[in-house]
Amino acid sequence: MTVTGPKGFRAAGVAAGIKASGALDFSLVVNDGPLDVAAGVFTRNVIKAAPVLWSQEVLKQQKLKAVVLNSGGANAATGPGGFQDTHATAEKVAEVLGTGAIEVAVCSTGLIGERLPMPAVLSGVDSAVKALDAGPEAALNAATGVMTTDTKPKQAFARHESGWSVGGFAKGAGMLAPNLATMLSVLTTDAVADKETLDRALRAATHVTFDRLDVDGGTSTNDTVLVLASGASGVEPTEAELTELLTKVSHDLVLQLRADSEGATKDVDVTVKGAASEADAIVVARTVAEDNLVKTALFGSDPNWGRIAMALGRAPAQIDPETVSIAINGVTLFAGGTTAEDRSAADLSGRAIDVVVDLGVGSGEATIYTTDLSHAYVEENSAYSS
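Below, the structure is looked at part by part. Note that the coordinates shown come from a computational prediction; the quantities given were computed from them, not determined experimentally.

Side note on the packing of helix α7 (residues 278–290) against helix α9 (residues 305–313)
As a packed pair, α7 and α9 sit with axes 8 Å apart at the nearest point and diverge in direction by 130°. Between α7 and α9, the interaxial angle falls into the category oblique. Remark: the crossing between α7 and α9 carries right-handed chirality. Residues Val284, Thr287 and Val288 of α7 pack against Ile308, Ala311 and Leu312 of α9.

Structure below.
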């Protein structure tokens, strides 16, 4: 159960011929209603891909009938021609589905700077519409069709006891960072929700999930998270309930994205508590998570808390060295301005690493989800475009 788990949705994933390998590279998700409410959040990168610019305009009305996605090309930094390609894709989907292009969001992922092969894209629309289905195989194909360097599709689903649900898929394996990480994600719900409630719930969910995934500090040109509400369950949850289930599914997808990120051998949670504010906690945790010396130490299973102290000490936040403590996998290694336990007491031999920094100056708290920096990450990204 995933993106088609909630009632009122169909999906498809096909091989349109965008990828030379012949792999699935084109996906479509359709909302059959009765509602067509939608919300979205997008990359904060100033250099935005054509599909992002298009979908941002489309989402101003907060209504979507369909989302069309392709891998094999980002359609970013492609000028007016790239935007025309996105428009043509939306027009084609609208024509086949019998709706308006203004109700079709477009997402792309892949190499930046090259135009898409539009004959393949447009024929892919026809193939995808023919393959639309509400079953789990169609949903899996849709989740697979957006993969780039991912090694596996990422899907999640959760049902509320009152009978409504949230499902979705995501892709992303590199260029994972704020704000959203390098990713495309389509979430669906059969809850009854108005535009304002759905928008607030999505933003609250992404604030503590997708916005907190930071593998390498790179912010993609194509980041997009969309949620579509069909209302097919007939149940109208409270905003708190909707936010909670969207957060649960989003968090599940974030952990899958991190586990499959390029070259990762460690799943690292960097939690900062006792900060002067949540904003301070976020910036300190992110500074530690992005630091290459910290990441390489973790790759070597080395509990070198000195690198963590160095990293957090340069963060633009309120920090008092005498009140800071640093713990790794439950062992406090630094406190009160000096060594606490011997670093050898912290076992980093497993995949999961938990770094907890207590600043001791307030009540702000945040967690950033990150990884180590391995040989495999460097090798994969040094040859990405070739």
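Considering the pattern of salt bridges
Overall, the coordinates contain 17 salt bridges when judged by the stated rule. Lys60 is the partner of Glu57 in a salt bridge, and the nearest nitrogen-oxygen pair spans 2.9 Å. Between Arg351 and Asp267 there is a salt bridge; the shortest N-O distance is 3.0 Å. On the criterion of sequence distance, the pair formed by Arg351 in the loop between β13 (338–339) and β14 (352–358) and Asp267 in strand β10 (residues 267–275) is long-range, its members being 84 residues apart. Judged by its relative accessible area of 34%, Arg351 falls in the partly exposed class.

Quick word on the sheet that holds strand β12 (residues 331–335)
Within the open sheet, the six strands sit side by side as β13-β12-β11-β14-β10-β15. Their pairing is mixed. Both outer strands of the open sheet, β13 and β15 (364–371), are each paired with one neighbouring strand and no more. As paired strands, β12 and β13 are joined by two bridges and run antiparallel to one another. Pairing of Phe334 across the sheet is with Thr339, part of β13. The sheet strands contacting helix α6 (residues 239–259) are β10 and β15, and the helix crosses β15 at an angle near 40°.

Scoring rules and cut-offs
- Residues numbered from 1 in each chain as written.
- Predicted model: local features only at pLDDT ≥ 70, side-chain atom pairs only at ≥ 80, totals over all residues.
- Heavy atoms only, no water.
- Axes fitted to C-alpha atoms, helices over the stretch in contact; angles between N-to-C directions.
- Helix = DSSP H or I, 4+ residues; strand = E, 2+ residues; numbered from the N terminus.
- Parallel < 35°, antiparallel > 145°, perpendicular 65-115°, else oblique.
- Left-handed = near helix turned anticlockwise from the far one by under 90°.
- Contact = heavy atoms within 4.5 Å.
- Salt bridge = Lys/Arg side-chain N within 4 Å of Asp/Glu carboxyl O.
- Buried < 20%, exposed > 50% of the residue type's maximum accessible area, 1.4 Å probe, protein only.
- Pairing = 2+ DSSP bridges.

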